Amino acid sequence: MLQDSFGRVATDLRVSLTDRCNLRCSYCMPPEGLEWLPKPELLTADEIVRLVTIGVERLGITEVRYTGGEPLLRRELTDIVSRTASLAPAPQVSLTTNGIGLSRTAASLAAAGLSRVNVSLDTLDRETFKRLAHRDRLNDVLRGLEAADAAGLRPVKINTVLMRGINDHEAVPLLRYCLERGYELRFIEQMPLDAQHGWTRENMITADEILARLREDFRLTDDDPVERGSAPAEGFLVDGGPARVGVIGSVTRPFCGACDRVRLTADGQIRNCLFATDESDLRAAMRSGADDDEIAERWRSAVRIKKAGHGIDDPSFLQPSRPMSAIGG
Ligand code: SAM
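Quick notes on the rules
Residues numbered from 1 in each chain as written. Predicted model: local features only at pLDDT ≥ 70, side-chain atom pairs only at ≥ 80, totals over all residues. Heavy atoms only, no water. Helix = DSSP H or I, 4+ residues; strand = E, 2+ residues; numbered from the N terminus. Rg over C-alpha atoms; globule rule 2.2 N^0.38 Å. Buried < 20%, exposed > 50% of the residue type's maximum accessible area, 1.4 Å probe, protein only. Contact = heavy atoms within 4.5 Å. Lys, Arg positive; Asp, Glu negative; His and termini not counted. Charge placed at Lys NZ, Arg CZ, Asp CG, Glu CD. Arc of directions from axis to C-beta. Near = heavy atom within 4 Å. Polar contact = N/O pair within 3.5 Å; in protein donor to acceptor, adjacent residues only side chain to side chain. Areas by Shrake-Rupley, 256 points an atom, 1.4 Å probe, with all protein chains shown as cover. Nonpolar A, V, L, I, M, F, W, Y, C, P; charged D, E, K, R; others polar. Pairing = 2+ DSSP bridges. Axes fitted to C-alpha atoms, helices over the stretch in contact; angles between N-to-C directions. Right-handed = clockwise from strand over helix to strand, strands pointing away. Salt bridge = Lys/Arg side-chain N within 4 Å of Asp/Glu carboxyl O.

**Q** Quick question: what am I supposed to make of the overall build of the chain here?
**A** A tally of helices and strands in the chain yields 11 helices and 12 strands. Radius of gyration (C-alpha) of the chain: 19 Å, near the 20 Å computed for a compact globule of 329 residues. With 329 residues in all, the chain has 56% of them scored as buried. Once local pairs closer than 6 in sequence are excluded, the contacts in the chain between residues at least 24 apart make up 73%. If the 43 positive side-chain charges of the chain are averaged to one point and the 49 negative ones to another, these points end up 2 Å apart.

Structure, rendered in structure tokens:
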């Protein structure tokens, strides 16, 4: 098991397949992009599958989420998914993606064993998309969503980050869009994880603000807290249900006490928290010949020292040196 000193057990592994992305969402990276990891530093597909196998077979990982950067940019994605889905005991395999390219790949990913997708969608307006993501790709995202739904990658979950003065007027239209299509929408508070260090508390649209805005148009009732479990989203039934909406108040309503996540970066570093400033280098261990037992022990040690909380509210809080795109959201 991957257990920390506070008794939390990590069962949900987020694996970043690349730090590259074909969008430039301003809450994540600057318009000119970033200096990408050099190829030799990236884990190969075999190395990824080896580490995931250790996680699943020896360390109690039950859910594997591939992310990035943009995971659809990784050519071997279908192969990696297929090899992950055929592990025993079989983990649930999901994907966090911006949806670009999903219209071509959704069916083969589903056939390979992918169970569902989380797609980022911050706006329904083409001009706002261009302004926010610095690329004219809204239609590709919407087509990708339809393809994911048609391929049975359900429930299709949508992640939305609202930014003040940019897309914060779209909370209601986005929820209507998702309700009409049976997608499950979750709003995520913007976190201090952008490469430009441009996050400010004042500009963050809080969970309270989002809920107040939604309540002007919908009746929201608390979803069963037991069902929430370790899920980061606080769930609400919309107009009596069964449709739901989620709000992930990472900053103002932290859920660190229930966290069951551990992260593996594209260059093979274990991070016990999105906001961790330390990492444990499994790539170096693997490339210097460590066996599976040694790697598993290194991984356990990395999780054991996880802090109680992310500490964003602590005056000594330091933003991690890696941005979200290089950690894996
Ligand atoms: N490229 C994929 C995508 O767009 O979903 C996967 C990687 S992306 C880093 C994963 C998620 O992190 C997205 O839903 C994105 O909106 C979210 N994200 C990125 N930066 C964020 C930030 N500073 N605060 C909150 N969420 C953020």
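So, next bit.
**Q** For this particular structure, what's the right way to read helix α7 (residues 207-215)?
**A** Residues three or four positions apart in an α-helix share a direction because the helix packs 3.6 residues into each turn. Turning to α7, its buried residues are Ala 207, Ile 210, Leu 211 and Leu 214. In a view along the axis of α7, the buried residues occupy a sector of 95 degrees, so they form one face of it.

**Q** It is not clear to me how the site of the ligand should be interpreted in this structure. Could you clarify?
**A** Of all residues adjacent to the ligand, which total 18 residues, the nearest are Tyr 27, Gly 69, Glu 70, Ser 120 and Met 191. The contact in question runs from an oxygen atom of the ligand to an N or O atom on the side chain of Ser 120, over 2.6 Å. Summarising the interface, the protein chains cover 95% of the accessible area of the ligand, which totals 540 Å² for the free molecule. Within the residue set of the shell around the ligand, elements represented by two or more residues are β3 (92-97) and β5 (157-161). Residue classes in the shell around the ligand are distributed as six nonpolar, 10 polar and two charged.

**Q** Mind showing me how you'd approach the side chain of Arg 74 here?
**A** Tracing the backbone shows Arg 74 in the loop between β2 (63-67) and α2 (77-85). A relative accessible area of 10% means that Arg 74 is categorised as buried. A distance of 2.9 Å separates a polar atom in the side chain of Arg 74 from the backbone oxygen of Leu 43. Not counting residues within four places of it along the chain, the set of residues in contact with Arg 74 comprises Leu 17, Leu 42, Leu 43, Thr 44, Ala 45 and Ile 48.

**Q** Can you help me understand the sheet that holds β5 in this one?
**A** Sheet strands associate in pairs through backbone hydrogen bonding, adopting either a parallel or an antiparallel arrangement. Spatially, β7-β8-β9-β6-β5-β4-β3-β2-β1-β10-β11-β12 is the arrangement adopted by the 12 strands of the open sheet, whose pairing is mixed. For this open sheet the edge positions go to β7 (220-222) and β12 (280-281), each flanked by a neighbour on one side alone. One ladder, built from five bridges, connects β5 with strand β6 (residues 184-188); its direction is parallel. Bridge pairing in β6 places Val 161 opposite Ile 188. The strands touched by helix α1 (residues 45-58) are β1 (12-16), β2 and β10 (261-264); relative to β2, the strand with the most contacts, the crossing angle is about 155 degrees.

**Q** Just checking my understanding: could you explain the pairing of β1 for this structure?
**A** Consecutive residues of a regular strand have side chains that alternate between opposite faces of the sheet. Burial runs high along β1: five of the five residues are buried. Alternating positions in β1 separate into two faces, Asp 12, Arg 14 and Ser 16 on one and Leu 13 and Val 15 on the other, with burial throughout. In the classification by handedness, the crossover that spans β1, the intervening α1 and the parallel β2 is right-handed. Here β1 pairs with β10 via four bridges, running parallel.

**Q** Teacher, can you tell me more about the pattern of salt bridges here?
**A** Two side chains carrying opposite charge are able to pair once their charged atoms lie near each other. Per the stated rule, a full pass over the model turns up 30 salt bridges. Its salt-bridge partner being Arg 8, residue Asp 4 comes within 2.7 Å of it at the nearest N-O pair. No difference in accessibility class separates Asp 4 from Arg 8, as the two residues are buried. Across the pair Arg 181 and Glu 180 runs a salt bridge, and its minimum N-O distance is 3.4 Å. A relative accessible area of 35% places Arg 181 in the partly exposed class. One salt-bridge network, in which partners are shared between bridges, spans Asp 12, Arg 14, Asp 260 and Arg 261.

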